[in-house]
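Each chain, letter by letter, is given below.
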Amino acid sequence: MVRIVRRMTSRAYRIVASSAAVFTLAALLGAWTAAARAQLPAAPASSPSRIQVGGYASLTWSRAADSTRVRLAEGNLAAILSGSLTSRITYLAELDAVSSSRENYAGRQDDRQLEVARLYADVSYSDLLRLRVGRFLTPIGQWNEIHAEPLTWTAVRPLTTYRSFAKYSTGAALAGQGSILSRDAGYAVWVAPGLLGMRDDDEEELEFSGAVGTRTAVELTRGLWLGLSAAVVRERRPVSALDDDSLEVPEPGEDDEDEDDEREEREGRALGGFDLTYRTRGMELRSEVVWLAPSDSRPGERAGFVQLALPLGGGLHAVGRAESVTPLAGSRRELWLGGLHWRGPGRVVVKLEHQHAGRVPGAVAHGWFLSVSSLF
Amino acid sequence: MVPVRLITVLILVALGARTTIAQDAVAVVVHAAVQDPIDVATLRRVFLVRQRFWSDGIAVRAVNQPARSAVRIRFTREALGGTVQDYSTYWNDLWFHGTAPPATLASDQAVLLFVARTPGAIGYVDEVSVSEPPSGIRVALRLGVASPRAPQRETQHAPPPASWVR
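Below or above, wherever it landed, is the structure these notes cover. (Residues numbered from 1 in each chain as written. Chains lettered and ligands numbered in written order. Predicted model: local features only at pLDDT ≥ 70, side-chain atom pairs only at ≥ 80, totals over all residues.)

1. Thoughts on helix α2 (residues 40–47) of chain B
Residue and element names in this part refer to chain B.
Line of reasoning, step 1. If you check which residues of α2 are buried, you get T42, L43, V46 and F47. The buried residues of α2 occupy an angular sector of 115 degrees when projected down its axis, which confines them to one face.
Line of reasoning, step 2. At its buried positions, α2 is contacted by β1 (26–31), β2 (61–64), α3 (70–80) and β4 (121–126).
Line of reasoning, step 3. Where α2 ends, the next residue or the one after it, V49, has phi of about 60 degrees, a positive value. (Buried ≥ 20, exposed ≤ 12 C-beta atoms within 10 Å, placed from the backbone. Helix = DSSP H or I, 4+ residues; strand = E, 2+ residues; numbered from the N terminus. Arc of directions from axis to C-beta. Contact = placed C-beta atoms within 7 Å.)

Following this line, the structure appears as structure tokens:
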């Protein structure tokens, strides 16, 4: 019975995957032609609008360092619906269709066909006080809040930006922004109680089973922004994500037979984050660091990266990144990435990059990656 | 004789330069009911959609001019720093969070009409368009007006990360 269900799931998976790839290609072509006619900055709609429809699409190919085969690693199509019900109430929904995942984290390889990534409503009392309720991007670090393929410098996402915490939280947040000494500043206080009754037992991604956190960000000086994040979290992650092998990348179609491998923490652990962004003359330097404290039964985890993007002219940037990750159990890993990022007409982005796994070749996603993506 | 001619020429050149500056100046206009003081920092927050409400609680309704218009280019340089293109990444990031840039209106006249009729509205026009401001509008700030005592503002101002606690 289980096998039949799995076969049906597998078939449905292939249908969704094929559809996602076709729609992605169509969306890319459509975005290309539409963007060519648009003015900069491309304005999808006037504000405020009751309904705005947008999204993004991406195709990523990879060639592992120990292989000569180039494969379509991921096709992704996301639809974003947003709008304003009144001047103080806004909403946003994001639905993602993913053909398969090439993310370098075993827990993310399966069962990511169609998901509601975000679904929330905002009620603004003022610029300093806004209430958000629903499913939203966990406000830890910068990358996680702007993680769409057309908006990031690299196709390969740093482990730092999702390995130690859930990308999405379901709960509520209070946030606001203002000015301190003519410098922008903002804050968020959020809580994700963990909706245990609603969770999907097949979920392969790390989830919060309870979390409360805060984030603050400030413009220190012209072009330099600093962010600090802190949280107490109870996490539920696949057991495969607990040790060295969590950085393995299974082959496409490879199933994780251990459906009972989920593990859930009973006690809260402290999580800290730090991020820095410096921008000037088209150059961007960014660093993010995340630290998950050990507990009585579990070791801690540390991760951080430094990334530099340099303009070469004509919309072309050279990107380099060094990352270090010490998983829950295991030795420290070093990842080196270098590549090119090209912003073409409109909102089409092409990236070509190579990631090298320093100490344990073969244990993380490494090799060449090519991605074409677009925001529409 | 020569000094007199030279002085005359210098005066004419100076007047010509002054005239040019006046033509290039940008007037920031707000709905008459908006009483908040408007400075460059406020403009930056408002037109980057970081400030959404005035101090009296009325929602900000900012309007832009077309991206390739001279007044938009001038306003972007003076109020935000940099060029219109510099902010395309910023707006793309914000769009990911469902936030669109301020709406675009096609002309000075359209901006003036919108601002006069819409509570909380703010826009900008060529200064010559508000030599006689229509009713319902307050000219809150003039940008690009040369003054020997005014400090030279830095124009290299990188767009902020859009991901701040959105």
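2. Points about the environment of L72 of chain A
All names here are of chain A.
Line of reasoning, step 1. Turning to its location among the elements, L72 is positioned in strand β2 (residues 71–84).
Line of reasoning, step 2. Placed 299 residues apart in sequence, L72 and S371 show a C-alpha to C-alpha distance of 9.6 Å.
Line of reasoning, step 3. Beyond its immediate chain neighbours, meaning those up to four positions away, L72 contacts L59 and W61.

3. Quick notes on helix α4 (residues 88–96) of chain B
Line of reasoning, step 1. With seven of its nine residues buried, α4 of chain B lies for the most part within the structure.
Line of reasoning, step 2. For α4 of chain B, the elements touching its buried residues are β1 (52–64) and β17 (367–375) of chain A.
Line of reasoning, step 3. In the stretch just after α4 of chain B, G98 of chain B is the one whose phi turns positive, near 80 degrees.

4. Some remarks on the nonpolar core
Line of reasoning, step 1. Counting residues in each nonpolar core, the largest one holds 75 residues, and the members touching the most others are V28, V29, V115, I122 and Y124 of chain B.
Line of reasoning, step 2. Of all the elements, β1 of chain B adds the most residues to this core, at five residues.
Line of reasoning, step 3. Residues contacting V29 of chain B, with those up to four places away along its chain left out, are L112, V115, G123, Y124, V125, V130, I137, R138, V139 and A140 of chain B.
Line of reasoning, step 4. Formed by seven residues, the second largest nonpolar core is a distinct cluster that contains A155, V156, L335 and L337 of chain A. (Core = buried A, V, L, I, M, F, W, Y, C linked by C-beta atoms within 7 Å.)

The values are spatial; any link to function lies outside them.
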